[in-house]
Amino acid sequence: MDSPHFFSLLGEMPTKSELNFQVFEEVDCGAFVRQKIGYSSEAGETISAFLCLPKNISAALPAIYCFHQHAANWSLGKSEVVGLAGSPDQVYAKELAARGYVTLSPDAICFEERAGAVNPVQYHAHQLHNRLMRGQTLLGKVLFDISAGIDLLQSLSQVDTTRIGFIGHSYGGRTALFAPVFDRRIKVSVSNCGSTKFKTMLAQDTGIQFDYVVPGFLAWGDIEDIVRLVEPSHLLILGTDTDKWSQDIEDICEYAKSAFVTGELEWQIYPGKHSFSEEMRERAYKFLDR
């Protein structure tokens, strides 16, 4: 399976606009400063995000794009990973900033400030259907927006542009498998609780969320084929033994590991349900540190 074929499945990409970077507020968080920002990936659209900048920067720092979970809660996105709302086990952007990383935490399309005001579920479905009718995909838009975020990180003097990573849980964990394939500027990625094969999800009636409905995908391959394409970037896949979104990790990694020559592929399965525990997060951070 090759990258060009996968990219063709994503459909026509939007037209990139100027970033139009704006800072709306700044909060001192002790070890770092948290900025509420906005920027654009395409004309007429603003992506809301939090940018966390460690203090006392003497040299350019590595940066991590922090992608939030889904959890059937469209009103919550970027605010959870910086610790302003939601679960204390989802605060990886805050913890990584305290560890000395620049972190960028945007709202994915259809979440928090980018959600539909009246019926967020219907709005999310509309975003998918509208694109499919035009020969595009919602996954293509999600990945396109991630690249705009990487553009923003590379424009910052505080960021070492050669050291950009990605991390996510659940929806973010699945996206962490695709992002380094789509944008090679991502050198390391951590996927937590988001690696179940599509064939498994369909057979067990688990379902595939709107963002990952890609016509013809299963005729091309499955998650394990995406993982093989992550090389030469480094990838850590974490999951738990009773989580429906963490199934198939061993099969995926055994299938994909022969593709990794320059990059490293590591995986670990923990006891428990759908979670990103402190122990799992520490494992993720040490992988990013290395």
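Residues numbered from 1 in each chain as written. Predicted model: local features only at pLDDT ≥ 70, side-chain atom pairs only at ≥ 80, totals over all residues. Heavy atoms only, no water.

Chemist: Sorry if this is basic, but what is going on with the packing of aromatic side chains here?
Modeler: Two descriptors summarise a pair of aromatic rings, namely the distance from one centre to the other and the angle between the planes of the rings. On inspection of all chains with the given rule, the structure shows 18 aromatic pairs. With a centroid separation of 5.2 Å and an interplanar angle of 10°, the aromatic rings of Y65 and F166 are classed as stacked. Taken together, the positions of Y65 in strand 4 (residues 61-67) and F166 in strand 6 (residues 159-169) put the pair 101 residues apart, joining distant regions of the chain. A single burial state applies to Y65 and to F166, both of which are buried. We note R34 situated over the ring of F50; from NZ or CZ to the ring centre the distance is 5.5 Å. Against the face of Y255 rests R228, its NZ or CZ located 5.6 Å from the ring centre. (Phe/Tyr/Trp six-rings, centres within 6.5 Å; stacked < 30°, edge-to-face > 60°. Helix = DSSP H or I, 4+ residues; strand = E, 2+ residues; numbered from the N terminus. Buried < 20%, exposed > 50% of the residue type's maximum accessible area, 1.4 Å probe, protein only. Lys NZ or Arg CZ within 6 Å of the ring centre and 35° of its normal.)

Chemist: Looking at this structure, how should I read helix 11 (residues 278-289)?
Modeler: Structural remark: α-helix, 3.6 residues per turn; residues separated by three or four positions point the same way. In this model helix 11 runs 16 Å from its N-terminal to its C-terminal C-alpha over twelve residues, within 8% of the 16 Å that 1.5 Å per residue would give. Residues of helix 11 that are buried: M280, R281, A284, Y285, F287 and L288. One face of helix 11 carries all of its buried residues, which in axial projection span an arc of 160°. For helix 11, the exposed residues set more than 90 degrees away from the buried face come down to E278, E279 and K286. (Expected span 1.5 Å × (residues − 1). Arc of directions from axis to C-beta.)

Chemist: What is the right way to read the sheet that holds strand 8 (residues 234-240) from this model?
Modeler: Within a sheet, each strand pairs with its neighbour through backbone hydrogen bonds, oriented either parallel or antiparallel. Spatial ordering of the open sheet is given by 1-2-3-5-4-6-7-8-9, a layout of nine strands whose pairing is mixed. At either end of the open sheet lies a strand with only one pairing partner, and these are strand 1 (22-28) and strand 9 (265-270). Sheet twist, expressed as the average angle between the axes of neighbouring strands with direction ignored, equals 15°. Both strand 3 (residues 47-54) and strand 5 (residues 102-106) contribute to a ladder of four bridges, which runs antiparallel. Note on strand 5: the bridge partner recorded for C52 is T103. (Pairing = 2+ DSSP bridges. Axes fitted to C-alpha atoms, helices over the stretch in contact; angles between N-to-C directions.)

Chemist: I would appreciate a short explanation of the pattern of salt bridges in the present structure.
Modeler: Inspection of the entire model under this criterion finds 23 salt bridges. Residues R281 and D89 are paired through a salt bridge, measuring 3.1 Å at the closest nitrogen-oxygen approach. In this pair, R281 sits in helix 11 while D89 sits in the loop between helix 2 (78-81) and helix 3 (92-98), placing the two residues 192 residues apart along the sequence. Residue R281 is classed as buried on the basis of its relative accessible area, which comes to 5%. Close ionic contact of R283 with E266 constitutes a salt bridge, the shortest N to O distance being 2.8 Å. Taken as a pair, R283 in helix 11 and E266 in strand 9 lie far apart in primary sequence, 17 residues in all. One salt-bridge network, in which partners are shared between bridges, spans K36, K78, D107, E112 and E113. (Salt bridge = Lys/Arg side-chain N within 4 Å of Asp/Glu carboxyl O.)

Chemist: Sorry if this is basic, but what is going on with the environment of L51 here?
Modeler: Examined against the element boundaries, L51 turns out to sit in strand 3. Residues L51 and Q35 lie 16 residues apart in sequence; the distance between their C-alpha atoms is 5.1 Å. Aside from chain neighbours lying at most four places away, what touches L51 is F21, V33, R34, Q35, I37, V102, T103, L104, L153 and L156. (Contact = heavy atoms within 4.5 Å.)

Chemist: Which parts of the structure should I look at to understand unusual backbone geometry?
Modeler: A negative phi angle characterises most non-glycine residues, just as the trans form characterises most peptide bonds. Residue E231 is joined to P232 through a cis peptide bond whose omega torsion reads 20°. Turning to its location among the elements, P232 is positioned in the loop between helix 9 (223-229) and strand 8. One non-glycine residue, A71, lies in the positive phi region at around 55°. Examined against the element boundaries, A71 turns out to sit in the loop between strand 4 and helix 2. We note that S170 has phi near 65°; this positive angle belongs to a residue other than glycine. Looking at the element boundaries, S170 is found in the loop between strand 6 and helix 6 (171-182). A relative accessible area of 12% places S170 in the buried class.

Chemist: Would you mind going over the state of the cysteines with me for this structure?
Modeler: Chemically, a disulfide is nothing more than a covalent bond linking the sulfur atoms of two cysteines. Under the definition given, this model contains zero disulfides. Left unpaired, C66 is separated from the closest cysteine sulfur, that of C52, by 7.9 Å. What makes C66 buried here is its relative accessible area of 0%. Left unpaired, C193 is separated from the closest cysteine sulfur, that of C253, by 13 Å. (Disulfide = S-S within 2.5 Å.)

Just distances and angles here, no functional claims.
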